[in-house]
There are 6 protein chains.
Amino acid sequence: MADKSDRMETAKKGLREHTGSDYAPVYLDSSPAAEYYSQLGMERTYGDAWTRPGLDMKTRSMITLSALAGMGLDNAFKAHVRHAENVGVTRAEMIELLIHLHGYIGTPKAGVISGLVRAAWKEKDAEGDKAS
Amino acid sequence: MADKSDRMETAKKGLREHTGSDYAPVYLDSSPAAEYYSQLGMERTYGDAWTRPGLDMKTRSMITLSALAGMGLDNAFKAHVRHAENVGVTRAEMIELLIHLHGYIGTPKAGVISGLVRAAWKEKDAEGDKAS
Amino acid sequence: MADKSDRMETAKKGLREHTGSDYAPVYLDSSPAAEYYSQLGMERTYGDAWTRPGLDMKTRSMITLSALAGMGLDNAFKAHVRHAENVGVTRAEMIELLIHLHGYIGTPKAGVISGLVRAAWKEKDAEGDKAS
Amino acid sequence: MADKSDRMETAKKGLREHTGSDYAPVYLDSSPAAEYYSQLGMERTYGDAWTRPGLDMKTRSMITLSALAGMGLDNAFKAHVRHAENVGVTRAEMIELLIHLHGYIGTPKAGVISGLVRAAWKEKDAEGDKAS
Amino acid sequence: MADKSDRMETAKKGLREHTGSDYAPVYLDSSPAAEYYSQLGMERTYGDAWTRPGLDMKTRSMITLSALAGMGLDNAFKAHVRHAENVGVTRAEMIELLIHLHGYIGTPKAGVISGLVRAAWKEKDAEGDKAS
Amino acid sequence: MADKSDRMETAKKGLREHTGSDYAPVYLDSSPAAEYYSQLGMERTYGDAWTRPGLDMKTRSMITLSALAGMGLDNAFKAHVRHAENVGVTRAEMIELLIHLHGYIGTPKAGVISGLVRAAWKEKDAEGDKAS
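Every value quoted in this text rests on a predicted model; they were computed, and no experiment measured them.

(A) Quick look at the relation of the copies chain E and chain C. Taken as rigid bodies, chain E and chain C are interconverted by a rotation of 180° and an axial shift of 0.0 Å, the fit giving an RMSD of 0.0 Å. Here the copies are linked by what is in effect a two-fold axis. A share of 100% of interface residues in chain E that are also interface residues in chain C marks the association as one of identical surfaces.

See the structure below:
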């Protein structure tokens, strides 16, 4: 909770480490309010949390995935599956996380998130093939 | 997914390690169906997941807490806060988990779960004072 | 969707058959708007649905319980457990419903609703002992 | 809660004012039950609520959007964004509503609804360009 | 909760009766953990619940649909609409279930699930036309 | 998103206007991380949103109530009912908000939130009687 410019710098560093890419805010329109809105999410996740010590990024990745699975937020879950490998979550650990959550979130939600994992991996593998 | 008696034995071992106490199923009534129901939860969490290798119990504790927070299942969340210390989650890490989840679950849910953490710790501390 | 007075009469009949008691609306205050609000729920459940042919009341009881369990609406779920026996859902069938839903809603929610079933039965049994 | 034909007339008037178009019920099939179902939603929203005095349509639009955001009902949220301008919600106010809700619903849900606002505006602007 | 191979056999029988087709597990990858995960859902629904006596498959279909509607799990709901006819739920009863749930889940969710029913029926009818 | 001390000052002003009382953060323990956590909610609601122009506090109160109702966050909803009168929401408007939301959130949730309104008003009236 430093001043505004510092928080965005910290947030961008956190985002880069987690996602492997630079921050590209998506604006609703060209108003200052829309710019303000675009920064809120960055600050409240990467700025205020991911970049803190106390939990490593791999643990933060797995607890974020679990919370998103519990809330049923599918697109965000899938994006975080893609990023998880950047901070050290292996594919074997991702399957283990699915197995663990299955009994807590129930079979239909478990079916949804495993489908998202499969889709995220397929996308990444296709990009990797193209890149190599 | 071994046979029935094995699964309950495994589940009881997992429960004991996580909660520090033995399994006491709560029956709906004296019917076989009620007994069957009482075992489902044990098997599907402690039997099929907690006792597997691949993720340590500390990580399993933190992802379970995060999923429960996301689903808004307050009583289960509070019980898992109590057990978390048994598998190595420190109080500092618990606060860090709250800070991390805040931006994902939103302020009102964050207020609920921090209240549950406070209540669980108060209970544990009161028990500890009594025990010593 | 008959006229207003008819709908409330139909709704009251449905409520009586399901719950075994007469309708007692709870008013927010003495304003016409508060009275209007008190009637909305009666009409939209007992008036527009429960009293229709096409599904018997026993089936309606079980699908209502399942939807309430899915939504995590605990107090309403418990009230419906109490009423279910009036329209023919046996205790054995109630346990079977719990077993069936377990895998869909997940273990923590399953723990919540079985606790509510137990509490509802205990209340009913205590009332029955008093009545006899 | 007038009689049936009156309620549908009132509902249609409310729908027209909010959405700018006439009511076109979508039937499941040609049965009377399907027609009945198609009317339930109209009556319970536009018939019983939107057309009442006590809150103006602009306020009703904003509280509906907020409830839909809280429930995570994305398609309905997007449709209501489209209609909001008809009852006086400006784009600046819509962004302000997003900013306000952000801290309550959390960052991932906030990302979802801002994406829906952007999509709804893009659609409307494309239609406006075609119309002019 | 028989041993592993028995449970999968029972589960496959239940799935076949409900869905009218054989079980085709979708693997995340070729690891044993992924195979294990693929079996969890089968066992926890078809193996442990659907194949039990105590409630007939038609009732199980309707309570599953109601729980899925309450949880807002759209893809699973739609799949279950497709299967419901195999276990005796008529289209008239499906509409009646929609009418009943409307007042409990609210208008926007009711709009979502009726859209899913319509889509599922359209798919089935198109397949039927092709088959004949 | 000014610097840290400014944001808390702004947040406290917003809280005071909305709730009619000064800010009393509830700490989990005496660690800096716990203090940090206590401030996150203040900043993300009162600091970053309530105190902005663009929507008046009365509108902010009603949209917050609607989002909390949609999310099923009962304690927060009740607290906001208590505060709503401070920013100009009359009791008649509160009932109108309940009537409006009824059709969107469904009858059981509508029953929950009207019970919370009744309880909040009863508390306030009892305090008022004591104060006078």
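(B) Summary view of the domain arrangement of chain A. All names here are of chain A. Entries for chain A in the domain assignment read domain 1 (1-52) and domain 2 (55-132). On a C-alpha basis, the centres of domain 1 and domain 2 stand 22 Å from each other. Taken together, the contact pairs five residues of domain 1 with five residues of domain 2. Looking at the side of domain 1 that touches domain 2 element by element, the count peaks at three residues for helix α1 (residues 4-19). Of the residues assigned to the side of domain 1 that touches domain 2, the class counts are one nonpolar, three polar and one charged.

(C) Just the environment of D48 of chain F, in detail. Residue and element names in this part refer to chain F. The topology assignment puts D48 in helix α2 (residues 32-50). Note on D48: 24 C-beta atoms within 10 Å, which makes it buried. Taking the C-alpha atoms as reference, D48 lies 27 Å from I113; in sequence the two are 65 residues apart.

(D) Examining the interface of chain E and chain C more closely. Listed by partner, the interface residues are 28 residues for chain E and 28 residues for chain C. Contributing elements (two or more residues each) for the side of chain E that touches chain C: α2 (32-50), α3 (57-71) and α5 (91-105) of chain E. Ranked by residues supplied to the side of chain E that touches chain C, first place goes to α3 of chain E with eleven residues.

(E) Spatial organisation of the environment of Y37 of chain E. Of note, Y37 of chain E is situated in helix α2. With sequence-adjacent residues up to four places away left out, Y37 of chain E is seen in contact with I95, L98, I99 and S114 of chain A together with L28 of chain E.

Each value, and the rule that gives it
Residues numbered from 1 in each chain as written. Chains lettered and ligands numbered in written order. Predicted model: local features only at pLDDT ≥ 70, side-chain atom pairs only at ≥ 80, totals over all residues. Least-squares fit on C-alpha atoms with pLDDT ≥ 70 in both. Contact = placed C-beta atoms within 7 Å. Domains from an automatic or database assignment. Helix = DSSP H or I, 4+ residues; strand = E, 2+ residues; numbered from the N terminus. Nonpolar A, V, L, I, M, F, W, Y, C, P; charged D, E, K, R; others polar. Buried ≥ 20, exposed ≤ 12 C-beta atoms within 10 Å, placed from the backbone.

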